[in-house]
Amino acid sequence: MAHTRTSALLKAVKKGKGGIHAPYHKITAELETVRMPAPEFVTLPMLQHIGAPCTPTVKKGDYVAVGQVVGDSDKFLSVPIHASVSGVVESVQDVKLANGTMAPAVVIRSDGEMKLFEGIEPPVVNNKEDLVKAIRASGLVGLGGAGFPSFVKLTVKDDKPIDTLVVNAAECEPYITVDYRECIENSWNIYSGVKALQELLQLQRVIIAVEDNKPEAIKVLKSIADKDDSVFVMGLKSRYPQGAEKMMVLSATGRVVPEGKLPADVGVIVMNVASVAFTARYLKLGKPLVSRSVTVSGDCIKNPMNVRVPIGTSLRDIVEFCGGFTEEPAKLICGGPMMGTAITSLDVPLLKSNNAVLALSAKNAGLKKETACIRCGRCHAACPMNLVPTNIEKYALKGDAETLAAMGTMVCMECGSCAYSCPAGKPLVQYMRLAKSIVKEAAKK
Amino acid sequence: MEDKKTLYTVSASPHAKNPSSAAGVMLDVIIALLPAGVMGTIVFGLKALAVIGVCVASAVAFEFLYTKLMKKSVTVGDLSAVVTGLLLAYNLPVDIPLWMCLIGSFVAIVVVKQFFGGLGQNFANPAITARIVLLVSFAGSMTKFADPKLPDAVTGATPLAVLGGAEGELPTLLQMLFGVKGGCIGEVSGAALLLGALYLLARRVISWRIPVAFIGSAAIFMLIYSKGDFEYTAYELLAGGLLLGALFMATDYTTSPINKTGKLVFGIGCGVLTCVIRLYGSLPEGVSYSILLMNILTPLIEKATMPKYFGKLKKKKTKEGKAA
């Protein structure tokens, strides 16, 4: 029985609680992605994903080409790292990452030719096992920011059937526009990625979810989805953190992901839109994840733009490519303003999961003086997980692990809505992290 | 772009904050309290303004002196002392000797607020506690209510006293609403208080839960008590400090529950206790006592009504197994 529908456009099934409405600052939205030429050096840390680090498979002096594996691991939760430029391995050394940790890295001096590795060919993918293998080999991690190895998400277990793929194009973080550009510039890639995943994983339906402050993206995607009965576009209310995985599953399907569980436990796979588009390109060409788009923005950047950059390029090279600073920024952020990391120096490499580099002046950097908590409850009202951050802070300072666990501390995803809303300027996310570490410590005992 | 060893600010995310501040919240409360003060001054004359002035100035002065003396950072800029001073004045009769106002401010700011750790740490509402201290210390001055200085005003006993059985004449309901009646400075005009509360609701400074639960439960209680007499119920709601208490005192952040269910429980507790004291107690008014009592219960209410967080699993039966 053929079913017909009037429109591919869906409305959110359920509305999440809380969240905030921060200024969008999406100043780079209408700027087409610019490809950055190969930098002189790239630094490829062996840990660019959540999971086990890779071991370098090349040594100093080796010649490598674009797409060649330079690091891999035999651990399950890991993906290989590929050379992002062609050239000679300058060194294998420990480097500091944006989050402050140290990791071994392969440094490549580019020969400027961007020569593609000869062994690259499209993967042969006939079933879901092949797909999982291919996606692991591609080095793909969630491009939305979390950096979780994508092949793990696509590993569908028989006892946990999946019926829905949600393609996350919410992009609810202020400033960042790379996913929006992906929708506008590569909509057909997104669609073919969707179809490939749908076919291989036998998914009933696919929902591409976009926040409704991006009508252009919705229009483009809808015009494609209109021709397909099982692909839908969903306009979601623009409200941070709409793009958070659990919020996304709730809005798109009405299902609640229980604490400590994954979307797969409720029959859903959530994938970032750029990851889906990459999947399509990889299945067609076989070129692994060696570059990504990144939004360079903020009021201290001379020419804010969306740039396609080889992985491992130093943030300094990227900012210089965008004209450098107009004034000395107060804060440098790797990632978005809500969940990104403040960094001390631009001399860190761009990782697979980094979607933005921001340089903000003092007035835009969220530097609020901390005052006493007045118990106004705005942190609780803003919390999408319905936690009471100010009370969690209190119990964290007491070190009361049992009460903290009962209060649901561990479901906090550190979205920052509480701290954003706090009139007293309290660093609530920091307290939430402290609380989580207390609960984790206690669980170990 | 030369690296001049610039030091960038590093802090935990988020790197964006909305422009709200504690002082901004307090300013909203002050704005919302203005209409009631203006009405109080119109009804009772300039003497009301003097009481308000003394209460506010002394509250701020005590806060300043205490923080200075204790070598803590001076926090009068957060305007919370102004709010406390205003609320205290609104809870006093206009003819109160001004030196009693000073005692009230001292109790509110130094004893109730600062001794317990300052802003956000006190377990009881400073203005209410100060009012109660004054009430038990100077019962005479605290219950001698001046007559409204307006033409056509009903003079003599306050409406609440009349409702309680005292000799006297009741004003009309309209007079009750607009403040042509005896009572404390800030509580005379229900209309002015409601106007202020609407402002706070619109600015999202307070939620509807505590006021609605407070007033609603009191209304239901009174309706049942009077066997469905709406006029009597309306008088009860507009008399005394019920509206001032429900809209501005019970909604105090520090001394009321944060979560939604807790707010409802708190409001219902206030409403029921107020009625019980008014109808069955020896006191004519019960708003202050009921709020104070519920203040003390706030931590327990919060514990009992902990909100269900997203994706919370149903309790497993492992606990029973352990106990066995």
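Since we're looking at a predicted model, the values are computed, not measured.

## What about the packing of helix 10 (residues 209–225) of chain B against helix 12 (residues 242–249) of chain B?
Residues and elements named next belong to chain B. With their axes 8 Å apart at the nearest point, helix 10 and helix 12 run at an angle of 155° to one another. Of the possible angle classes, the one that applies to helix 10 and helix 12 is roughly antiparallel. The two elements helix 10 and helix 12 cross, and the hand of that crossing is right-handed. When helix 10 is examined against helix 12, the residues I210, P211, F214, I215 and A218 are found in contact with a partner set consisting of L242, L243, G245, A246 and L247. Split into classes, the residues belonging to the contact of helix 10 with helix 12 amount to nine nonpolar, one polar and no charged.

## Considering the side chain of A:S361
Residue and element names in this part refer to chain A. Its location among the elements puts S361 in the loop between strand 18 (356–360) and helix 9 (378–382). In this structure S361 comes out as buried when scored by relative accessible area, which is 6%. Excluding anything up to four places from it in sequence, S361 contacts D299, C300, E327 and A330.

## Examining the interface of chain B and chain A
With 42 residues of chain B at the interface, the matching set in chain A holds 66 residues. Between chain B and chain A, the buried area comes to about 4,400 Å², and carbon and sulfur atoms account for 59% of it. Here chain B is connected to chain A by one salt bridge. In this structure, A:R375 engages B:E302 in a salt bridge whose closest nitrogen and oxygen atoms are separated by 2.8 Å. At the boundary of chain B with chain A, the tally comes to 21 residue pairs in polar contact (both at pLDDT 80 or more). Residue assignment for the side of chain B that touches chain A shows that the elements contributing at least two residues are helix 1 (22–44) and helix 14 (287–304) of chain B. The residue makeup of the side of chain B that touches chain A, split by class, is 20 nonpolar, 14 polar and eight charged.

## Here we look at the domain arrangement of chain A
By the assigned domains, chain A splits into domain 1 (9–30 + 122–285), domain 2 (34–119 + 288–363) and domain 3 (378–444). Inter-centroid distance (C-alpha atoms) of domain 2 of chain A to domain 3 of chain A is 32 Å.

## Re the nonpolar core
By size, the foremost hydrophobic cluster in this structure holds 82 residues, and its most contacted members are B:L92 and B:F248. The dominant element in this core, judged by the number of residues it contributes, is helix 1 of chain B, at ten residues. For B:F248, the contacting residues outside a window of four places in its chain are B:A32, B:L33, B:L87, B:L193, B:G196, B:A197, B:L200 and B:L243. Ranked by size, the runner-up nonpolar core spans 49 residues in total, among them A:L200, A:L203, A:M271 and A:L283.

Reading the values: rules and limits
Residues numbered from 1 in each chain as written. Chains lettered and ligands numbered in written order. Predicted model: local features only at pLDDT ≥ 70, side-chain atom pairs only at ≥ 80, totals over all residues. Heavy atoms only, no water. Axes fitted to C-alpha atoms, helices over the stretch in contact; angles between N-to-C directions. Helix = DSSP H or I, 4+ residues; strand = E, 2+ residues; numbered from the N terminus. Parallel < 35°, antiparallel > 145°, perpendicular 65-115°, else oblique. Left-handed = near helix turned anticlockwise from the far one by under 90°. Contact = heavy atoms within 4.5 Å. Nonpolar A, V, L, I, M, F, W, Y, C, P; charged D, E, K, R; others polar. Buried < 20%, exposed > 50% of the residue type's maximum accessible area, 1.4 Å probe, protein only. Buried area = accessible area lost by both parts, 1.4 Å probe. Salt bridge = Lys/Arg side-chain N within 4 Å of Asp/Glu carboxyl O. Polar contact = N/O pair within 3.5 Å; in protein donor to acceptor, adjacent residues only side chain to side chain. Domains from an automatic or database assignment. Core = buried A, V, L, I, M, F, W, Y, C linked by side-chain atoms within 4.5 Å.

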